[in-house]
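# Structural characterization, general
Residues per chain are reported as follows:
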Amino acid sequence: MKRSRHLKRNNIRPREISGLWLGKLLAIGTRLGGQGGTTLPGRAASALSPLLLASLAGQLRRGSLVITGTNGKTTTAYLLANIFRQSGFSVVHNRTGANLAWGITSALLSASTFCGHLPYDLGVMESDEGAFPGVVQAIQPRGAVITNIFRDQLDRYGEVDQIRSMIGQGLEALPEGAPVALNADDPSVVYLEQQHHRFLPIYYGFSINLPQARYQNTGQDIKSCPLCGRKLTYTTIHYAHLGRYRCPSCKFRRPDPEVRLINFNPEPHGITGITIAFPTENVTVHYPLPGIYNLYNALAAAACAWAWGLSTRDITAGLEQAVPSFGRMESFQINNRAVLMGLIKNPVGANEVLRTFLESRERINLLIAINDNYADGTDISWLWDVDFEQLAGARNQLGTLAVSGIRAADMGVRLKYAGLEPALITVEPVLKRALEQTLQSSRDEDTIFILPTYTAMLALRRVINRLGAARPFWEV
């Protein structure tokens with residue numbers, strides 16, 4: 001697919017300059033005000049200059065990559081940007097996780113000059129599933145990554161079929177033959193490849209049996225064959241509905257992935273030794289991000305980078321130098337107190353973050369912060385599908401337990417029905433007070449674990465920074 005003729009490389013039309021300047025001034029103002037400036041600049045600039053996103057993206061010398069899916073977008077995009085930088089690319093990406101078209105516009109205009117020049121090789125952009133078709137149409141990427149498909153934000157998306165349909169629309173808008181990294185262990189992602197034939201599929205997946213989990217994630221969104229409707233047969237489930245599967249009725253089955261995880265070995269200090277098999281060689285990576293879901297993120301980034309011809313040396317270095325991305329198992333220090341934050345937004349992701357927290361075997365001082373703003377999803381019924389019962393099963397591991405945010409009271413009720421005594425639960429809707437109370441009532445040597453939804457995460461990060469936390473080096 002060719003770019004529109006009016007877009008000139010390394011140049012932006014005069015009518016877009018006004019939108020660019022407005023966006024850049026708003027970005028400066030919101031940052032000075034401590035608000036981050038992740039969506040407002042792009043939203044205002046796009047309203048004034050609707051073609052600004054396409055104009056800016058058209059200047060990237062090697063084009064763009066777009067990462068979408070339910071879980072893992074932010075971390076996979078961060079890992080990919082890391083790998084491409086190892087290979088000498090200058091990269092711009094929406095690292096804060098603002099993944100609607102406005103957030104992507106904000107990232108590009110912040111990286112550009114006031115003259116509209118964007119001197120970068122590559123854009124690595126995560127995109128919300130619903131925004132994916134429009135983002136692809138606007139920036140016309142040269143490749144994509146699909147991480148997984150789960151139920152998410154029912155008020156916006158409905159069920160899995162709707163999410164799959166939106167991603168499929170975006171895939172149809174890709175250039176013919178564009179490489180797309182796909183999760184072979186997710187039957188809904190594999191179904192996309194069988195329905196849309198414009199792109200070049202690059203599959204990744206697990207070729208190992210993981211150790212038996214202490215806590216089981218029982219959520220499974222895809223129970224039937226997407227082709228014929230019969231119940232799928234699984235020989236292995238890694239988590240939720242990701243695993244090795246086949247349909248006993250038709251020919252639908254898990255494809256053999258080109259990029260595979262073939263070894264998994266926990267090491268000291270939170271490092272995991274993993275072996276990734278590429279078609280030409282195997283490499284060992286000492287991977288610093290916790291959780292089974294982060295292994296999939298590593299494979300997704302590795303598969304995409306390999307499809308672009310990057311060396312396994314650069315892929316290994318990019319993965320090994322990773323730090324947790326914006327709010328995704330991100331760690332802070334507040335007056336020498338350790339704080340670990342894991343974003344939650346749907347049942348599968350929340351179950352996996354909870355499982356990772358509990359399997360640390362540390363004393364759990366937990367703050368759960370639930371908002372229901374648009375960016376969080378206004379329907380919070382998904383909280384009843386999260387396995388919070390595992391907290392009751394680990395009662396002896398629990399220290400303090402607080403709930404906060406707009407829907408703090410609802411979260412308190414959910415924990416009561418999960419089997420936790422109401423006297424154990426502190427309900428404090430004000431995020432700052434809830435965090436301060438959790439810090440004060442827990443032991444100095446304990447880690448504070450935070451489970452926030454998206455807007456609660458943004459607000460808590462601002463509170464943490466004001467409390468004097470050491471910020472991750474990648475954000476400085």
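Further up the page is the structure itself.
Residues numbered from 1 in each chain as written. Predicted model: local features only at pLDDT ≥ 70, side-chain atom pairs only at ≥ 80, totals over all residues. Heavy atoms only, no water.

## With respect to the sheet that holds strand β5 (residues 179-183)
- Strand order across the open sheet formed by nine strands is β2-β3-β1-β4-β5-β6-β9-β10-β11, with mixed pairing between neighbours. Either end of the sheet is taken by a strand with one partner, and the two such strands are β2 (91-93) and β11 (282-287). The average angle at which neighbouring strand axes cross in this sheet is 20 degrees, direction not considered.
- With five bridges joining them, β5 and strand β6 (residues 200-206) adopt parallel strand pairing. Each residue of the ladder has a partner; that of Pro179, found in β6, is Leu200.
- The sheet strands contacting helix α9 (residues 187-195) are β4 (143-146), β5 and β6, and the helix crosses β5 at an angle near 145 degrees.
- In the packing of helix α10 (residues 292-307) onto the sheet, contacts are made with β1 (64-68), β4, β5, β6, β9 (259-266), β10 (272-277) and β11, and the angle to β6 comes to roughly 150 degrees. (Pairing = 2+ DSSP bridges. Helix = DSSP H or I, 4+ residues; strand = E, 2+ residues; numbered from the N terminus. Axes fitted to C-alpha atoms, helices over the stretch in contact; angles between N-to-C directions. Contact = heavy atoms within 4.5 Å.)

## Overview of the packing of aromatic side chains
- In the structure shown here, the tally under the stated rule is nine aromatic pairs.
- Considering the side-chain rings of Tyr239 and Tyr296, the 6.1 Å spacing of their centres and the 70 degrees angle between planes classify their relative orientation as edge-to-face. Taken together, the residues span a long stretch of sequence, with Tyr239 in strand β7 (residues 233-239) and Tyr296 in helix α10 at a distance of 57 residues.
- An aromatic cluster is defined as three or more aromatic residues linked by ring pairs; in this entry it consists of Phe150, Phe206, Tyr239 and Tyr296.
- The ring centre of Phe114 lies 5.2 Å from the NZ or CZ of Lys24, which sits over that ring.
- Above the face of the Trp102 ring, Arg43 is positioned so that its terminal group lies 4.0 Å from the ring centre. (Phe/Tyr/Trp six-rings, centres within 6.5 Å; stacked < 30°, edge-to-face > 60°. Lys NZ or Arg CZ within 6 Å of the ring centre and 35° of its normal.)

## Structural notes on helix α8 (residues 160-172)
- Between the first and last C-alpha of α8 there are 18 Å, a value that for 13 residues agrees with the 18 Å anticipated at 1.5 Å per step.
- Turning to α8, its buried residues number three or more, namely Val160, Ile163, Arg164, Met166, Ile167, Gly168, Gly170 and Leu171. (Expected span 1.5 Å × (residues − 1). Buried < 20%, exposed > 50% of the residue type's maximum accessible area, 1.4 Å probe, protein only.)

## Observations regarding the pairing of β9
- Across three bridges, β6 lies against β9 in parallel orientation. Each bridged residue has a counterpart across the sheet, and for Phe206 the counterpart in β9 is Leu261.
- Both β9 and β10 contribute to a ladder of six bridges, which runs antiparallel. Within the sheet, the bridge partner assigned to Asn265 lies in β10 and is Gly273.
- The turn joining β9 and β10, which pair antiparallel and follow one another in sequence, is formed by five residues; a positive phi near 65 degrees is taken by His269.

## Here's the deal with the pattern of salt bridges
- The tally for this structure, following the rule as stated, stands at 19 salt bridges.
- With a closest N to O distance of 3.5 Å, Lys73 and Glu129 form a salt bridge. With Lys73 in helix α4 (residues 73-86) and Glu129 in the loop between β3 (122-126) and α6 (132-139), this residue pair connects regions lying 56 residues apart in the sequence.
- Of the residues examined, Lys73 reaches a relative accessible area of 5% and is grouped as buried.
- Taking relative accessible area as the criterion, Glu129 reaches 1% and is therefore assigned buried.
- Across the salt bridge formed by Glu428 and Arg433, the nearest N and O atoms sit 3.5 Å from each other. (Salt bridge = Lys/Arg side-chain N within 4 Å of Asp/Glu carboxyl O.)

## A look at the packing of helix α2 (residues 40-48) against helix α5 (residues 101-111)
- Remark: α2 packs on α5, axes separated minimally by 7 Å, with the N-to-C direction vectors making an angle of 95 degrees. If you check the angle between α2 and α5, you find them roughly perpendicular. On α5, the residues that touch Pro41, Gly42, Arg43, Ala45 and Ser46 of α2 are Trp102, Thr105, Ser106 and Leu109.
- Of the residues contributing to the contact of α2 with α5, the split by class is four nonpolar, four polar and one charged. (Parallel < 35°, antiparallel > 145°, perpendicular 65-115°, else oblique. Nonpolar A, V, L, I, M, F, W, Y, C, P; charged D, E, K, R; others polar.)

## Here's the deal with helix α12 (residues 347-359)
- Taking 1.5 Å as the rise per residue, α12 with 13 residues should run 18 Å; its terminal C-alpha atoms sit 18 Å apart, in good agreement.
- In terms of burial, α12 is a largely internal element, 12 of the 13 residues being buried.
- Listed in full, the buried residues belonging to α12 are Pro347, Val348, Gly349, Ala350, Asn351, Glu352, Val353, Leu354, Arg355, Thr356, Phe357 and Leu358.
- With its phi angle positive at about 60 degrees, Arg361 sits one or two positions after the end of α12.

## Here we look at a nonpolar patch on the surface
- On the surface, Trp21, Leu25, Ile28, Leu32 and Phe114 cluster together into a nonpolar patch covering about 560 Å² of accessible area.
- Within the fold, Ile28 resides in helix α1 (residues 14-32).
- Given the relative accessible area of 41%, Ile28 is considered partly exposed. (Patch = residues over 30% accessible without salt bridge, like charges linked within 9 Å, V, L, I, M, F, W, Y side chains within 5 Å. Areas by Shrake-Rupley, 256 points an atom, 1.4 Å probe, with all protein chains shown as cover.)

## Comments concerning the sheet that holds strand β14 (residues 364-369)
- An order of β12-β13-β17-β14-β15-β16 is seen for the six strands of this open sheet, with the pairing classed as mixed. Either end of the sheet is taken by a strand with one partner, and the two such strands are β12 (328-334) and β16 (425-427). The mean inter-strand angle of the sheet, taken between neighbouring strand axes irrespective of direction, is 20 degrees.
- One ladder, built from three bridges, connects strand β15 (residues 398-404) with β16; its direction is parallel. The partner of Ala402 across the bridge, within β16, is Thr426.
- Against the sheet, helix α16 (residues 454-466) makes contact with β12, β13 (337-342), β14 and β17 (448-452), and its axis sits at roughly 140 degrees relative to β17, the strand it touches most.

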